[in-house]
Amino acid sequence: NEGSRVAMLVGQGALHAADEVVETADRLGAGVAKALLGKAVLPDDLPFVTGSIGLLGTRPSWDLMAGCDTLLMVGSSFPYSEFLPEEGAARGVQIDLDGRMIGIRYPMEVNLVGDSKATLRALLPYLERKDDRSWQEEIAAGVQEWWHVIDDRAHQDAEPLNPQRVFAELSPRLPDRCILAADSGSAANWFARDLELRAGMSATLSGNLATMGCGVPYAIAAKFA
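Residues numbered from 1 in each chain as written. Predicted model: local features only at pLDDT ≥ 70, side-chain atom pairs only at ≥ 80, totals over all residues. Heavy atoms only, no water.

Chemist: Looking at this structure, I do not really get the overall build of the chain. What am I missing?
Modeler: Regarding its fold elements, the chain presents seven helices and eight strands. Rg of the C-alpha trace for the chain: 18 Å, near the compact-globule value of 17 Å for 225 residues, within the 12% margin. C-alpha atoms of the chain, sized along the principal axes, occupy 50 × 40 × 30 Å. Expressed as a percentage of the 225 residues in the chain, the buried residues total 45%. (Helix = DSSP H or I, 4+ residues; strand = E, 2+ residues; numbered from the N terminus. Rg over C-alpha atoms; globule rule 2.2 N^0.38 Å. Buried < 20%, exposed > 50% of the residue type's maximum accessible area, 1.4 Å probe, protein only.)

Below, the structure is given as structure tokens:
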């Protein structure tokens, strides 16, 4: 409640808590960055969603972390602390089901061990709605500019084919509630930055060991095994 520039970082532990994450972000006027394994937590058409964070992240997610004064991590063990706020620049609150993961990425003042959905639901009555929306509006402007940059890059000519164009064209053609599995390698870059997920879609990849073959359909993989 004391923060004026709140950033949220959500991971795969929040995949079932989308409604609570949106309500919390709206209450706090926050921006929401997504760890790679949490890409499907929220759709990319929400104006305050900055997209992926980290080595394969977006500029708005970087700006969000650099400019915030409060960090709320929900269901994420995101390992790259250099992409989080500088130590001491933001006050931290973390929600995680596994108490062993609390506070290992960033110094947290409040540690909440519990299910993301249930904990956010219990926390919401204590959160005051922020009347000043300038921080969230700044985030939304950065997100809009980012998608323009991504679209421009995707439409640059290349021989034989610009890979970003493939993902840009794929996004609106994906069926509702589809399940996406990305392989490791260069494709993971475009999966993280260029693919626009809608509500109800699922998406995953090997986010820990960068194992090859995660994008191979199960039936084909089983046949070769």
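Chemist: What should I look at first to understand the nonpolar core in this one?
Modeler: If you look at soluble globular proteins, the nonpolar side chains tend to sit buried side by side. Among the nonpolar cores identified, the biggest contains 22 residues, and Leu9, Ile53, Leu64, Met65, Leu71, Phe78 and Leu84 are the most heavily contacted of them. For this core, the element with the highest residue contribution is helix 4 (residues 134–154), accounting for six residues. Each residue touching leucine 64, except ones within four places of it in the same chain, is listed here: Val6, Ala7, Met8, Gly31, Val32, Ala33, Thr50, Trp135 and Ile139. (Core = buried A, V, L, I, M, F, W, Y, C linked by side-chain atoms within 4.5 Å. Contact = heavy atoms within 4.5 Å.)

Chemist: Please clarify how the pattern of salt bridges should be interpreted in this entry.
Modeler: Side chains that carry opposite charge are capable of pairing whenever their charged atoms lie near each other. A complete count under the given rule lists 16 salt bridges for this structure. Two residues, arginine 121 and glutamate 20, come together in a salt bridge whose shortest N-O distance is 3.2 Å. Separated by 101 residues along the polypeptide, arginine 121 in helix 3 (residues 116–123) and glutamate 20 in helix 1 (residues 18–28) bring together distant segments of the chain. Taking the relative accessible area as the measure of exposure, arginine 121 reaches 38% and is therefore partly exposed. Between glutamate 109 and arginine 91 there is a salt bridge, and its shortest N-O distance comes to 2.8 Å. Taken as a pair, glutamate 109 in the loop between strand 5 (91–96) and strand 6 (110–113) and arginine 91 in strand 5 lie far apart in primary sequence, 18 residues in all. Relative accessible area serves as the criterion here: at 42%, arginine 91 is assigned to the partly exposed category. The network of salt bridges with common partners includes Glu20, Glu23, Arg27, Lys117 and Arg121. (Salt bridge = Lys/Arg side-chain N within 4 Å of Asp/Glu carboxyl O.)

Chemist: Which parts of the structure should I look at to understand the sheet that holds strand 5?
Modeler: To summarise the sheet geometry, strands pair through backbone hydrogen bonds and adopt either a parallel or an antiparallel arrangement. The six strands are arranged 3-2-1-4-5-6 in an open sheet whose pairing can be described as parallel. The open sheet has two edge strands, strand 3 (49–52) and strand 6, and neither has a second partner. In this sheet, neighbouring strand axes are inclined to one another by 15 degrees on average, regardless of whether the strands run parallel or antiparallel. Examined bridge by bridge, strand 1 (residues 6–10) and strand 2 (residues 31–34) share four bridges and lie parallel to one another. (Pairing = 2+ DSSP bridges. Axes fitted to C-alpha atoms, helices over the stretch in contact; angles between N-to-C directions.)

Chemist: Can you walk me through the packing of helix 5 (residues 163–170) against helix 6 (residues 186–193) in this structure?
Modeler: How two helices pack is summed up by the angle between their axes together with the distance between the axes. It is at 10 Å that the axes of helix 5 and helix 6 come closest, and there the two elements cross at 40 degrees. One way to sum up the angle between helix 5 and helix 6 is to call them oblique. Along this stretch, helix 5 crosses helix 6, giving a crossing that reads as right-handed. Residue-level inspection shows Pro163, Gln164 and Phe167 of helix 5 in contact with helix 6, the latter providing Ala187, Trp190 and Phe191. A class-by-class count of the residues in the contact of helix 5 with helix 6 yields five nonpolar, one polar and no charged. (Parallel < 35°, antiparallel > 145°, perpendicular 65-115°, else oblique. Left-handed = near helix turned anticlockwise from the far one by under 90°. Nonpolar A, V, L, I, M, F, W, Y, C, P; charged D, E, K, R; others polar.)

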